[in-house]
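Chain by chain, the residues:
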Amino acid sequence: MALPEFSMRQLLEAGAHFGHQTHRWNPKMDRYIFGEKSNIHIIDLSQTVPLLHQALLKVREVAAKGGRVLFVGTKRQASDHIKASAQRCAQYYVNSRWLGGTLTNWQTVSKSIARLRELDAIAAGGAVGLTKREVLDRTRERDKLDRSLGGIASMGGVPDLMFVIDTNKEAIAILEAKKLGIPVVAVVDSNCDPDAVTYPIPGNDDAARAIQLYCDLIADAVLDGLTEGQVRGGVDIGASSRPPVEPAVAAVEVERERTPVESPMDGPTGANY
């Protein structure tokens, strides 16, 4: 068992060091800025590396204790990566739209989840006895609920840790987590407030390759924590009918399934320019 390995070279190749234009920065990020080039802030990856390592340690610790990790990223570049990584490590996600009160008003959200399950059951049963119009209405309602709540339908309660891509876009989610005392691991770009989260990871939060790298590392840390938790509990992993998949193997499987393939013409800096 070991934390997922990464290097500064990987971060560089993913474009994690590119911040936003200098006029868009948040002064609180000053301590994480290495300099600027062509009016673009360059993030100091020598600080990103130890902070990312610290965040991975926390993620593994939570997973090892049986805690729930919620992946949050609703922006277009992050949506698919958030969902794929959360599913790969059997955790939970919000990748479409954050509904206000998702955490602070969990009792009400639970009712919506119950409604989603009810609609799933109706669909599975063939919608017997319903008119075409009623079937259409329920299908639309089901799809809408699934987009917002499908990733947390089986969470069973508030998470023990939240991982976020783009703290500005997910500000409401972070405020709710803070109100409930839920630690937040988040990527903070040059236009973000690092003080708003518990475990900041300075880096580009727009480039698809950078987002994929962050998500893969967090998912691998969860998998490592789950394995550690099983070993602590006396589970003989070698004798298990379904032993845990090693992170490297899981990453290959996900890569094979991921479509479409990213164009080599895509720039490393995503939307930051």
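About the thresholds
- Residue numbers here run from 1 along each chain, matching the order of that chain's written sequence.
- Note on the predicted model: pLDDT of at least 70 is required for a residue's local features to be given, and 80 or more for side-chain atom pairs to be given and counted; whole-chain, interface and lining totals, by contrast, use all residues.
- Only heavy atoms go into the side-chain values, all of them from the structure, while hydrogens and water stay out.
- The helix count covers DSSP runs of H or I at least four residues long, the strand count covers runs of E at least two residues long, and both are numbered beginning at the N terminus.
- Working definition: with a 1.4 Å probe on protein chains only, accessible area under 20% of the residue-type maximum means buried, over 50% means exposed, and in between means partly exposed.
- Contacts are assigned to residue pairs with any non-hydrogen atoms lying within 4.5 Å of each other.
- Accessible surface is estimated by sampling points in the Shrake-Rupley manner with a 1.4 Å probe; for residues, cover comes only from the protein chains shown.
- Any two strands are treated as partners once DSSP identifies two or more bridges connecting them.
- Seen with the strands pointing away from the viewer, any crossover whose path from the first strand over the helix to the second strand runs clockwise is right-handed.
- In plain words, nonpolar cores are sets of buried Ala, Val, Leu, Ile, Met, Phe, Trp, Tyr and Cys residues tied together by side-chain atoms within 4.5 Å.
- Axes here mean lines fitted to C-alpha atoms, for a helix over just the part in contact, with angles spanning 0 to 180 degrees between N-to-C directions.
- Angles are sorted into four bins: roughly parallel if under 35 degrees, roughly antiparallel if over 145, roughly perpendicular if 65 to 115, and oblique for all others.
- Left-handed describes a crossing whose near helix is turned anticlockwise from the far helix by less than a right angle; the clockwise case is right-handed.
- Pairs of cysteine sulfur atoms within 2.5 Å are identified as disulfides in what follows.
- Multiplying 1.5 Å by the residue count of a helix minus one yields the expected span of that helix.
- Note that the arc is defined by the directions from the helix axis to the C-beta atoms.

S.K.: Please set out the overall build of the chain residue by residue, giving values where relevant.
M.R.: When its secondary structure is counted, the chain shows 8 helices and 8 strands. Considering the chain as a whole, with its 273 residues, one finds that 48% of them fall into the buried category. Long-range contacts, defined as pairs at least 24 residues apart, comprise 68% of the intrachain contacts of the chain with a sequence gap of at least 6. Counting every atom, the chain has about 14,000 Å² of accessible surface; 51% of that belongs to carbon and sulfur.

S.K.: Tell me about the pairing of strand β7 (residues 184-188), and name the residues and values.
M.R.: By the criterion of burial, β7 is predominantly enclosed, with 5 of the 5 residues buried. In β7, alternate side chains face the same way, and those of Val184, Ala186 and Val188 on one face and Val185 and Val187 on the other are all buried. Pairing analysis gives 4 bridges linking strand β6 (residues 161-165) to β7, with the strands arranged parallel. Counterpart to Phe163 in the pairing with β7 is Val185. Taken together, β6, helix α6 (residues 171-180) and β7 constitute a β-α-β crossover, and its handedness is right-handed.

S.K.: Go over the nonpolar core with me, naming the residues and quoting the values.
M.R.: Nonpolar side chains tend to gather and get buried jointly when the protein is soluble and globular. Formed by 38 residues in total, the largest nonpolar core has its most connected members in Phe71, Phe163 and Val185. When residues of this core are traced back to their parent elements, those giving at least two are α2 (45-64), β4 (69-72), α3 (76-88), β6, β7, β8 (199-202) and α7 (208-232). With 11 residues, α7 is the single largest residue contributor to this core. Apart from residues lying up to four places away in sequence, Val185 is in contact with Ala55, Val59, Leu161, Met162, Phe163, Val164, Tyr199, Ile201 and Ile218. In terms of nonpolar packing, the next biggest core, distinct from the first, is built from 30 residues, Tyr32, Val94, Val184 and Ala186 among them.

S.K.: Before we move on, could you go through the packing of helix α4 (residues 106-124) against helix α5 (residues 132-149) and cite the residues and values that matter?
M.R.: Geometrically, a packed helix pair is captured by the angle between its two axes and the distance between the axes. One can describe the packing of α4 onto α5 by two numbers: an axis separation of 9 Å at closest approach and a directional angle of 130°. The angle between α4 and α5 falls in the class oblique. For the pair α4 and α5, the crossing hand works out as left-handed. For the pair α4 and α5, the contacting residues are Val109, Ser112, Ile113, Arg115, Leu116, Leu119, Asp120 and Ile122 in the first and Arg138, Glu141, Arg142, Leu145, Asp146 and Leu149 in the second.

S.K.: Quick one: what's the story with the sheet that holds β7, residue by residue and with numbers?
M.R.: Pairing is parallel across the open sheet formed by 5 strands, whose spatial order is β5-β4-β6-β7-β8. Looking at strand neighbours, the two that pair on one side only are β5 (92-94) and β8, the edges of this open sheet. In this sheet, adjacent strand axes meet at a mean angle of 20° when their direction is disregarded. Contacting β4, β6, β7 and β8, α2 crosses the sheet at an angle of about 140° to β8. Across the sheet, α7 is in contact with β4, β6 and β7; its angle to β6 comes to roughly 165°.

S.K.: Now, about the state of the cysteines: what can you tell me, with residues and values included?
M.R.: Tallying each qualifying case throughout the model produces 0 disulfides. Summary of cysteine pairing: Cys215 is not part of a disulfide, and the nearest cysteine sulfur, belonging to Cys89, is at 9.7 Å.

S.K.: So, α5: which residues are in play, and what are the values?
M.R.: Note that an α-helix has 3.6 residues per turn; residues three or four places apart therefore point the same way. Taking 1.5 Å of rise per residue, 18 residues should cover 26 Å, and α5 covers 25 Å from first to last C-alpha, within 8% of that figure. Looking at α5, one finds that the buried residues are Leu145, Ser148 and Leu149. One face of α5 carries all of its buried residues, which in axial projection span an arc of 75°. Along α5, exposed side chains directed more than 90 degrees from the buried face belong to Lys132, Arg140 and Arg147. The inward-facing, buried residues of α5 abut α4.

Any functional reading would require information beyond the geometric quantities listed.
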